[in-house]
Each structure stands twice: as structure tokens, then as C-alpha cells.
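Chain and residue survey
What follows is the residue order along each chain.
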Amino acid sequence: LDFVTVPMRWVDMEPTEGKYAFAKTDRWIEWAVRQAKVGVVAGPLIDFRELCVPEWLYIWEHDYETLREPVYEHVKALVTRYRRTVSRWTVCSGLHVNESFALTLERMMDLTRLCAVLVKKLHPAGKVQVEISRPWGEYHARNKRSMPPKMYADAVAQAGVMVDAYGLRLQLGQPDQGRLTRDLMALSELLDRYAELDRPIAVTAMGVPS
């Protein structure tokens, strides 16, 4: 392997507000760097899917100005701790799906910019990527508060947010919006579409049922 990806779900990293649980992540990163001698890709740092969000954060789900502060402090804490060992950061994932926190389009972009700029400031040599989940966009038909995935990626580029790559989560074959089974032609067409953004494309997840 050329690298390993170390997940950093907020619910695992900070299960209790202000109290971080770094031990398990420390062990994996230490193994990758010292024994396996491979690069480390970390994140997503911010992912608002239900399985990733600690319970204590929901108190601010309708107060964006207050929510922004723990997001800033959380990203700062993780990057400061691991910037000497991580070479690439997935700074945020799936903000465009907007399924747990009711964000406006402007706030989705503000959080994306906040995460990317802060990581670049704290770790100038690190690479930054934004992850696009459910990249075919079926979710948008039922959730009008969301943003279509390609529109979100275009908006990130047009807003001047400096990202080194876009990551695509390709999870197929599940009875869920955006996870229908696709053939190879559909996968190829999707990659071509996102290649128009003139940034490298990383497949950050590939999953199908057994």
C-alpha cells in the first residue's frame, strides 16, 4: 500500500465535549508511520452524518454562529495534533447532503471554506481534499435544503476555496438514496463529470454488498 486512511469521526474523537479520546487513533498512526512506513490520509474531520456526530453537538443544530465555534476548535485540535504525521486531510464530507443540521447554502460554503482555510493555515505542506458523498445526487429530490453534489463542487471552486483534490464516496447496491447499483459506464461517466473541475479526483470510498 502507498498510504492508509485513518477515519476521524467526531463522535469517536470527542465523545464528551472538551474531552478527546486520541489513544486509538494515535496507535494506528504510529503503526502506519513507524512500522508500515506509509503515508497517512486523515478524515473526514467534519462529517454531519448521524453516525458521526456526538450527541452533545446537537444542542447547537439551530444556532449556526455558535456551532461554527466548536467546528473551528475541533479541526484545530486534530490538525495541530497530527500535522507532523498526516500528509493529506479530508477536511469535510457530505455537507451538501444537509441531512442532520439544517444549513443554508451559504453556511454549507462557509463551513467548507472554514475547514479548508484552517487546515492550510495550520499545515501548509498538507494536501486538502473535500469529500463528495452520494455523488449522483438523488437525495436532492427529497431534500430541497440540500445542494446537488456537482453544484456544490462547482461552488467550492468558484468561491476560491483552495482544495488539492475532490474525493468521491462510491457506495453502491444499498436501498438508500444515491446508492443504487451502477454499471461501469455510469462510474466512468461520473468520474469524467467531476474531472471537469480541473482538480485530481480521489475515490475515498468504494463499497458494494457481498
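Residues numbered from 1 in each chain as written. Predicted model: local features only at pLDDT ≥ 70, side-chain atom pairs only at ≥ 80, totals over all residues. Heavy atoms only, no water.

**Examining the overall build of the protein chain**
When helices and strands are counted, the protein chain shows six helices and seven strands. Start at the N end of the protein chain and walk to the C end: the helices and strands fall as β-α-α-β-β-α-β-α-β-α-β-α-β. Expected size for 210 residues packed as a compact globule is a radius of gyration near 17 Å; at 17 Å, the protein chain falls within 12% of this value. As displayed, the protein chain has an accessible area near 11,000 Å², and 54% of this comes from carbon and sulfur atoms. Separation between the mean location of the 28 positive side-chain charges and that of the 27 negative ones in the protein chain comes to 5 Å. (Helix = DSSP H or I, 4+ residues; strand = E, 2+ residues; numbered from the N terminus. Rg over C-alpha atoms; globule rule 2.2 N^0.38 Å. Areas by Shrake-Rupley, 256 points an atom, 1.4 Å probe, with all protein chains shown as cover. Lys, Arg positive; Asp, Glu negative; His and termini not counted. Charge placed at Lys NZ, Arg CZ, Asp CG, Glu CD.)

**What to know about the confidence of the model for the protein chain**
Here the protein chain averages 94 in pLDDT, while 100% of its residues score no lower than 70. Confidence, read as mean pLDDT per element, is least for strand β7 (residues 201-207) in the protein chain (93) and greatest for helix α1 (residues 10-13) (98). (pLDDT = per-residue confidence, 0-100.)

**Details of unusual backbone geometry**
In this chain, G43 is followed by P44 through a cis amide linkage whose omega measures 10°. Despite not being glycine, R134 shows a phi value in the positive range, around 50°. Within the chain, D198 stands out as a residue other than glycine whose phi angle is a positive 60°. Relative to the assigned elements, D198 resides in the loop between α6 (184-195) and β7.

**Quick word on the packing of helix α3 (residues 64-82) against helix α4 (residues 105-122)**
Following both chains from N to C, one finds α3 and α4 inclined at 25°, their axes separated by 10 Å at the closest point. Classified by the interaxial angle, the pair formed by α3 and α4 is roughly parallel. Handedness of the crossing formed by α3 with α4: right-handed. Residues Y64, R68, V71, Y72, V75, K76, V79 and T80 of α3 touch α4, and the partners they reach there are R107, D110, L111, L114, C115, L118, V119 and L122. Looking at the contact of α3 with α4 residue by residue, the classes come out as 11 nonpolar, one polar and four charged. (Axes fitted to C-alpha atoms, helices over the stretch in contact; angles between N-to-C directions. Parallel < 35°, antiparallel > 145°, perpendicular 65-115°, else oblique. Left-handed = near helix turned anticlockwise from the far one by under 90°. Contact = heavy atoms within 4.5 Å. Nonpolar A, V, L, I, M, F, W, Y, C, P; charged D, E, K, R; others polar.)

**Looking at the pattern of salt bridges**
Under the counting rule described, the total for this entry stands at 12 salt bridges. One salt bridge in this structure joins D12 and R9, with 2.8 Å as the shortest N-O distance. Look at D12 and you get partly exposed, because its relative accessible area is 38%. Residue classification places R9 among the partly exposed positions, given a relative accessible area of 30%. Of the charged contacts in the structure, one is a salt bridge between R81 and D26, with a shortest N-O distance of 2.8 Å. (Salt bridge = Lys/Arg side-chain N within 4 Å of Asp/Glu carboxyl O. Buried < 20%, exposed > 50% of the residue type's maximum accessible area, 1.4 Å probe, protein only.)

**So, the state of the cysteines**
Summed over the entire model, instances satisfying the criterion amount to zero disulfides. Looking at the unpaired C92, the closest cysteine sulfur is the one in C115, lying at 5.1 Å. The exposure class assigned to C115 is buried, which follows from its relative accessible area of 1%. (Disulfide = S-S within 2.5 Å.)

**Considering a negative patch on the surface**
Side chains of D63, E65, E69 and E73 sit close together on the surface and give a patch of like negative charge. By the element assignment, E69 lies in helix α3. When its relative accessible area of 46% is taken as the criterion, E69 is described as partly exposed. (Patch = residues over 30% accessible without salt bridge, like charges linked within 9 Å, V, L, I, M, F, W, Y side chains within 5 Å.)

**Side note on the pairing of strand β2 (residues 39-42)**
Two elements, strand β1 (residues 3-6) and β2, share four bridges in a ladder whose sense is parallel. Counterpart to F3 in the pairing with β2 is G39. Pairing analysis gives two bridges linking β2 to strand β4 (residues 88-93), with the strands arranged parallel. When the sheet's bridge partners are listed, A42 is paired in β4 with W89. (Pairing = 2+ DSSP bridges.)

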